Amino acid sequence: MYVLIVGGGKVGNSLAGALSHGKFEVALLEKNETFARRSAEELDNVLVIAGDGCDPARLEDAGINRAQVVTAVTGDDEDNLIICQLARDTFGVPRVIARVNNPRNEITFQKLGIDTVSSTTIITKLIEEETTVSDMFSLLALKRGKLSIVEASLDTKSPVIEKPIKDLKLPADSILASIVRGNQIIFPKGDTRLQPGDSVIALVTIEQEKALRETLLGKE
Amino acid sequence: MHIIIVGCGRVGAQLAQALSSDGHNVVIIDKKTESFKRLGSDFNGITITGVGFDSEILKRAGIERANALAAVTNGDNSNIMVSEIAKKIYNVPQVITRIYDPLRADIYKKFGLNTISTTSIVAEIFKSAILKKSSKFEFAIGDDVGLVEYRAKEDKGAA
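The notes below deal with the structure included here. All of these numbers come straight from a predicted model, not from anything done at the bench.

What about the interface of chain B and chain A?
Many descriptions give the size of an interface as the accessible area lost when the pieces come together.
Stage number 1. Each side of the interface is counted separately: chain B has 17 residues, and chain A has 19 residues.
Stage number 2. Here chain B and chain A share an interface that buries about 1,600 Å² over both sides, 62% of which is from carbon and sulfur atoms.
Stage number 3. Of all residues in chain B, the largest losses of buried area upon contact with chain A belong to Asn77, Met81 and Ile89 of chain B, amounting jointly to 31% of the total for that side.
Stage number 4. Taken together, chain B and chain A are joined by two salt bridges.
Stage number 5. Among the salt bridges present, the one from Asp52 of chain A reaches Arg104 of chain B, with a minimum N-O distance of 3.8 Å.
Stage number 6. For the interface between chain B and chain A, the tally reads seven residue pairs in polar contact (both at pLDDT 80 or more).
Stage number 7. Taken together, the elements giving at least two residues each to the side of chain B that touches chain A come down to α2 (55–60), α3 (76–89) and α4 (102–110) of chain B.
Stage number 8. It is α3 of chain B that provides the largest number of residues to the side of chain B that touches chain A, a total of eight residues.
Stage number 9. Split into classes, the residues belonging to the side of chain B that touches chain A amount to nine nonpolar, three polar and five charged.

So, in structure tokens, the structure goes:
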């Protein structure tokens, strides 16, 4: 799989280094020639090219036409947006991911249809999850945040305790994927019964996340 | 009209003054407060200091009720991003984007932005001036507006 990373700062370099040890063929495009040279010295198995990632000709030099994944991780959000749009709309790259430096731009990217990663948002979520007990939180957002994998921790007050799963009134657009009980992982069947302390992992649409939460954990 | 101008450089400032003195409601945004000095003291529009592609700033500038937006900062990518927000998220009817790089201007024209590449325009004008061409030069502004100039021949026999 050919992965093109645009932006050779700390994030781009670490990403290129991490991916270059696996099954990926990695190219790194960096605007600043001094930075590009440094990256080329540091990174083995990575094709480093000096050039502006917002310039379609440089993207072609970097092999964008055969890239399966393009990720824009420069420090400038406007550049990351343009790079991802060029990759997706001009070159037809199947998967594009943008780094968002200012979390306020995240919604803009999503509205324009570009998948994003924002370190601020990730850290915020991790802290929020650490502080929630007996609650449901999102493990992973899929399809640009329309679908999510959630984990709910049940306690004795949960309305679904001891009931067989087939009798639960789960929202239509949700499915219970697995139950983590101690060290055991259970793939639920219709007659599986939930217990206090279970972690239920479910796939649910964003619209029905609240309804699923109420079914599994009761109303607040 | 309620018009938002992003970028208070020479072009942005002149555009803001002209539109404002024509009686339009002008809001101009720039990263640096000192850029607004270019507007002069008789400018009676609103100035906002901030990044033009920040949704919060655009909301403060009244983007939800804007009739037009001109993106004229000196960064092509910033101009593109502001314009896409205005056009695709807030459905501003008239969005015009200044892009220096002619190649990028063409690409984003295909993506539906109303781009003006000042580089191509100035190059054309210089070419015409140097060659003293009597022929016209022209460029398109979006799909429906264009500018054409004809230079009259300095031919004494002509009417």
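A few points about a positive patch on the surface
All names here are of chain B.
Stage number 1. Together, Arg10, Lys31, Lys32 and Arg38 give the surface a local cluster of positive charge.
Stage number 2. Among the secondary structure elements, Lys32 is positioned in the loop between β2 (25–30) and β3 (46–49).
Stage number 3. On the basis of relative accessibility, which here comes to 49%, the residue Lys32 falls in the partly exposed class.

As for unusual backbone geometry
Residues and elements named next belong to chain A.
Stage number 1. You will see that Asn45, though not glycine, has its phi angle at about 60°, which is positive.
Stage number 2. Mapped onto the elements of the fold, Asn45 is located in the loop between α2 (33–42) and β3 (46–50).
Stage number 3. Take Asn45: its relative accessible area is 61%, and that puts it in the exposed class.
Stage number 4. Backbone geometry at Glu162 places phi at a positive 70°, although glycine is not the residue there.

Some points on the pattern of salt bridges
Stage number 1. Tallied over the full model, the rule gives 14 salt bridges over all chains.
Stage number 2. The closest approach of N and O atoms between Glu84 of chain B and Lys88 of chain B, which form a salt bridge, is 3.0 Å. Placement of the pair is Glu84 of chain B and Lys88 of chain B together in helix α3, with a separation of four residues, close to one helical turn.
Stage number 3. Residue Glu84 of chain B is classed as buried on the basis of its relative accessible area of 0%.
Stage number 4. For Lys88 of chain B, a relative accessible area of 43% corresponds to the partly exposed category.
Stage number 5. Here the salt bridges share partners, and the residues they tie into one network are Asp52 of chain A together with Asp101 and Arg104 of chain B.

Conventions adopted
- Along each chain, residue indices are assigned from 1 in the same order as the chain's sequence is written.
- Chain letters and ligand numbers both follow the written order, the letters beginning at A and the numbers at 1.
- Thresholds applied to this predicted model are a pLDDT of at least 70 for local features of residues and 80 or more for the giving and counting of side-chain atom pairs; totals over whole chains, interfaces and linings are not thresholded and use all residues.
- Where side-chain values are given, they derive from all heavy atoms of the structure, hydrogens and water being excluded.
- Residue contacts follow a heavy-atom distance rule, with two residues in contact if any of their heavy atoms lie within 4.5 Å.
- What gets called buried area is simply the loss in accessible area from a 1.4 Å probe that two parts show on being joined, summed for both.
- Note on definitions: salt bridges are taken to be side-chain nitrogens of Lys or Arg within 4 Å of carboxyl oxygens of Asp or Glu.
- Polar contacts, as counted here, are pairs of nitrogen or oxygen atoms within 3.5 Å of one another; within protein the pair requires one atom able to donate a hydrogen and one able to accept it, and residues that are adjacent in sequence qualify only if both atoms are side-chain atoms.
- Numbering goes from the N terminus for both helices and strands, where a helix is a DSSP run of H or I of at least four residues and a strand is a run of E of at least two.
- Following the grouping adopted for this structure description, the nonpolar residues are Ala, Val, Leu, Ile, Met, Phe, Trp, Tyr, Cys and Pro, the charged ones are Asp, Glu, Lys and Arg, and the polar ones are all others, Gly among them.
- To count toward a patch, a residue needs a relative accessible area over 30% and no salt bridge; like charges are then connected within 9 Å, while nonpolar side chains (Val, Leu, Ile, Met, Phe, Trp, Tyr) are connected within 5 Å.
- Residue exposure ignores everything except the shown protein chains as possible cover, and the areas themselves are Shrake-Rupley values with a 1.4 Å probe.
- We score Asp and Glu as negative and Lys and Arg as positive, and we do not count His or the chain ends.
- A charge is said to be at NZ when it belongs to Lys, at CZ for Arg, at CG for Asp and at CD for Glu.
- The buried label goes to any residue with under 20% of its type's maximum accessible area, the exposed label to any with over 50%, and the partly exposed label to all in between, with areas taken from a 1.4 Å probe on protein chains only.

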